[in-house]
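Report on the structure
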Amino acid sequence: MKGADLKLVMLGKRFGGNAGQTEALRDVNLEIRGGEFVTIVGPSGCGKSTLLSLVAGLEEPTTGWVAMDGHRVHGPGADRIVVFQDAALFPWLDVTGNVEFGLRVAGVPRKDRQQRVLEHLEMVQLEKFAHARVHELSGGMKQRVALARALVLRPRVLLMDEPFAALDVQIREEMQSVVQDLWVRSGTTTLFVTHDVREAAVLGDRIVVLSHRPGTVSAILENGARRPRTLNDAGVAEAIRRSNEILKAEVQWSSNQPKMQL
Amino acid sequence: MVEQPAQDAAVKRRRERSLAWEFRHLIPMVAIAISAIAIWELIFRSGVWGFLFPGPSQVARALVDFWNSTRLVRAIVATLRRLAVGFLISLVLGALLAFLMVRFTTFGKGIQPYILGLQIFPSIAWVPLSLIWFGFSETTLLFVTIIGSVFGVSISFADALRTVPPVYLQAARNMGSDGMDLILRVTVPAALPHLISAAKVGWSFAWRSLIGAEIIFATVGLGFLLNASASVPDIAGVMGVMLVILVIGIVVDQLAFTKTQEWASRRRGLRPRR
């Protein structure tokens, strides 16, 4: 199935009551073509994760809206699946139980379920760990399970929330190539949030740079490098340099501003 | 095949060792029990309390007499049946209340202090009112058991449900789970180790309330037997029944709760294998 077109229109989100509100996002406009891989990079606290929650429908926007294939999104749905930073696997289930969770919820018959689970465990090379318990897995393996758990539902949009931030450098690079692979195979629209500019430059067809609180779109960079990309490609290096420039200007600008109390 | 016997012996020795290994955690427990009985016997032999303090052998004889007259068995069956029914009802009601408290946070905040108060409220103090309402009946015993434990159960169930990491609920909602499906598929299994400890707290409340109520008015049951022995007075009998109540408490706790809790925790790698 082809990935869905996504449109974020004047998207904004405030948290908290009337006193002491924080504005996480303001007026974010973004159009993503079906099947595109877009990375979102920005300093911590710039509302990147909030952006994903809004697309996932786990939170409702304060202003604006999200549209998928031209239809406004309301509430969560299995067509937009999030991969969380700490994988958020269920420790009371084994690997298979985790991967088939969404299929069970959807009432997919047992036979179908088994086949799809096996297929996706093979995709992330964990078929030997089908009955391992979550606590027996390494960090990288957990994220592979989380990817299988997401893709088994054939989502039209995959939302990744700093999924590799807690992994060692080598494992992270390995996982980056796994994700590119799976993205090519599944053709799903992917929004990948990271605070690591290098990761954003390797993975994204476009790189969206968000500003610090409230998060707004500072720049959108087209990534010139061809896939499969590595950190050493000239195009990637250029994308890293440009993103860093924008981020630096951003940080300087915000540190020159007087502290505002909202 | 010269080595065969030696090999067999080695296998046998290993098996024996593993059996001893299996029960080794009971050794300190048994040692403590033996020492306690020995100290008890010593105090008895010193004779400081005279006939007011029977020794282990006299208590054992009293228990054998109870057993032979079937009074003990009937008492245990009656009490455990009341406990099972009362505690089950209390679990169901407590779970409902806990769910409401967690689901509707304002309601939960408002009612929490009162439930805490009722949890602390001595369950025996419910007996006079329940006697007026339900008379000298099984209903009264059940009522006191339930009312004595339901608040403790609901408070600790609510605490258990609140331990569920929000990210599990987010992930599950994201995959299409919702409402009752979400509760059964995620909330309950995620909270399971804590729910078991909560049930454990609840059962101890139920057990105490029931024995207390039985002492006041029952016509069959361990509490009744305790009271009846005291009015004879059959001091060895009193101590024997007390011992039975103690042992039932230990056995239920170890078998029903500690074991299941270990199992639930081990499955998710929270505690190393023993």
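Residues numbered from 1 in each chain as written. Chains lettered and ligands numbered in written order. Predicted model: local features only at pLDDT ≥ 70, side-chain atom pairs only at ≥ 80, totals over all residues.

1. A word on the overall build of chain A
Of the regular secondary structure elements, chain A holds 8 helices and 10 strands. Scaling as 2.2 N^0.38, a compact globule of 262 residues should have a C-alpha radius of gyration of about 18 Å, and chain A matches this with 19 Å. C-alpha atoms of chain A, sized along the principal axes, occupy 60 × 45 × 35 Å. Looking at the 262 residues of chain A, the share that counts as buried comes to 45%. A separation threshold of at least 6 residues defines the contact pool for chain A, and within that pool the share at least 24 residues apart is 72%. (Helix = DSSP H or I, 4+ residues; strand = E, 2+ residues; numbered from the N terminus. Rg over C-alpha atoms; globule rule 2.2 N^0.38 Å. Buried ≥ 20, exposed ≤ 12 C-beta atoms within 10 Å, placed from the backbone. Contact = placed C-beta atoms within 7 Å.)

2. So, the interface of chain B and chain A
The partner chain A presents 19 residues to the 16 residues of chain B that form the contact. Where the side of chain B that touches chain A is concerned, the elements lending two or more residues are helix H8 (166–174) and helix H9 (179–217) of chain B. Looking at the side of chain B that touches chain A residue by residue, the classes come out as 7 nonpolar, 5 polar and 4 charged. (Nonpolar A, V, L, I, M, F, W, Y, C, P; charged D, E, K, R; others polar.)

3. A closer look at the domain arrangement of chain B
What the domain assignment lists for chain B is domain 1 (4–45) and domain 2 (54–267). If you average the C-alpha positions of domain 1 of chain B and of domain 2 of chain B, the two centres end up 33 Å apart. (Domains from an automatic or database assignment.)

4. Some points on unusual backbone geometry
At the junction of Val232(B) and Pro233(B), the peptide bond is cis and its omega measures out at -5° in the coordinates. In this structure, Pro233(B) sits in the loop between helix H10 (222–231) and helix H11 (235–267). Phi is positive for Arg154(A), which is not a glycine, with a value near 50°. Within the secondary structure, Arg154(A) sits in the loop between helix H5 (139–151) and strand E7 (157–161).

5. Things to note about the environment of Pro189(B)
In this fold, Pro189(B) is placed in helix H9. Taking C-alpha positions, Pro189(B) is 38 Å from Arg74(B), a pair spaced 115 residues apart along the chain.

6. A word on the sheet that holds strand E4 (residues 63–68) of chain A
Across the sheet, which stays open at both edges, the 4 strands sit in the order E2-E1-E4-E5 (chain A) with antiparallel pairing between neighbours. Either end of the sheet is taken by a strand with one partner, and the two such strands are strand E2 (22–32) and strand E5 (71–72) of chain A. (Pairing = 2+ DSSP bridges.)

7. Digging into the confidence of the model for chain A
Residue and element names in this part refer to chain A. In the predicted model, chain A carries a mean pLDDT of 82, and 92% of its residues have values of at least 70. Summarising per-element confidence for chain A, the mean pLDDT is lowest in helix H8 (residues 234–256) (70) and highest in helix H2 (residues 95–99) (92). Note that pLDDT drops below 50 for residues 258–262; the model gives that stretch 3 contacts with residues more than four away or on any other chain. (pLDDT = per-residue confidence, 0-100.)

8. As for the pairing of strand E1 (residues 6–15) of chain A
In the sheet, E1(A) pairs with E2(A) via 7 bridges, with the strands oriented antiparallel. Bridging from a neighbouring strand, Phe15(A) pairs with Thr22(A) of E2(A).

9. Quick notes on the packing of helix H4 (residues 71–103) of chain B against helix H7 (residues 138–162) of chain B
A pair of packed helices is characterised by two quantities: the angle between their axes and the separation of those axes. All names here are of chain B. H7 packs onto H4 with a crossing angle of 40° between their chain directions and a minimal axis gap of 6 Å. Judged by the angle between their axes, H4 and H7 are oblique. Regarding H4 and H7, the two cross each other, and that crossing is right-handed. For the contact of H4 with H7, the class distribution of residues is 19 nonpolar, 6 polar and 2 charged. (Axes fitted to C-alpha atoms, helices over the stretch in contact; angles between N-to-C directions. Parallel < 35°, antiparallel > 145°, perpendicular 65-115°, else oblique. Left-handed = near helix turned anticlockwise from the far one by under 90°.)

10. A look at helix H1 (residues 48–56) of chain A
Residue and element names in this part refer to chain A. Burial of H1 is extensive: 9 of the 9 residues sit out of reach of the surface. Lys48, Ser49, Thr50, Leu51, Leu52, Ser53, Leu54, Val55 and Ala56 are the residues of H1 that are buried. Of the residues flanking the end of H1, it is Gly57, one or two places downstream, whose phi is positive at about 85°.

11. Thoughts on the nonpolar core
Grouped together as the largest cluster of nonpolar side chains are 132 residues, with contacts concentrated most on Val55(A), Val145(A), Ala148(A), Leu159(A), Leu191(A) and Phe157(B). For Ala148(A), the contacting residues outside a window of four places in its chain are Val99(A), His120(A), Leu121(A), Met123(A), Val124(A) and Leu126(A). (Core = buried A, V, L, I, M, F, W, Y, C linked by C-beta atoms within 7 Å.)

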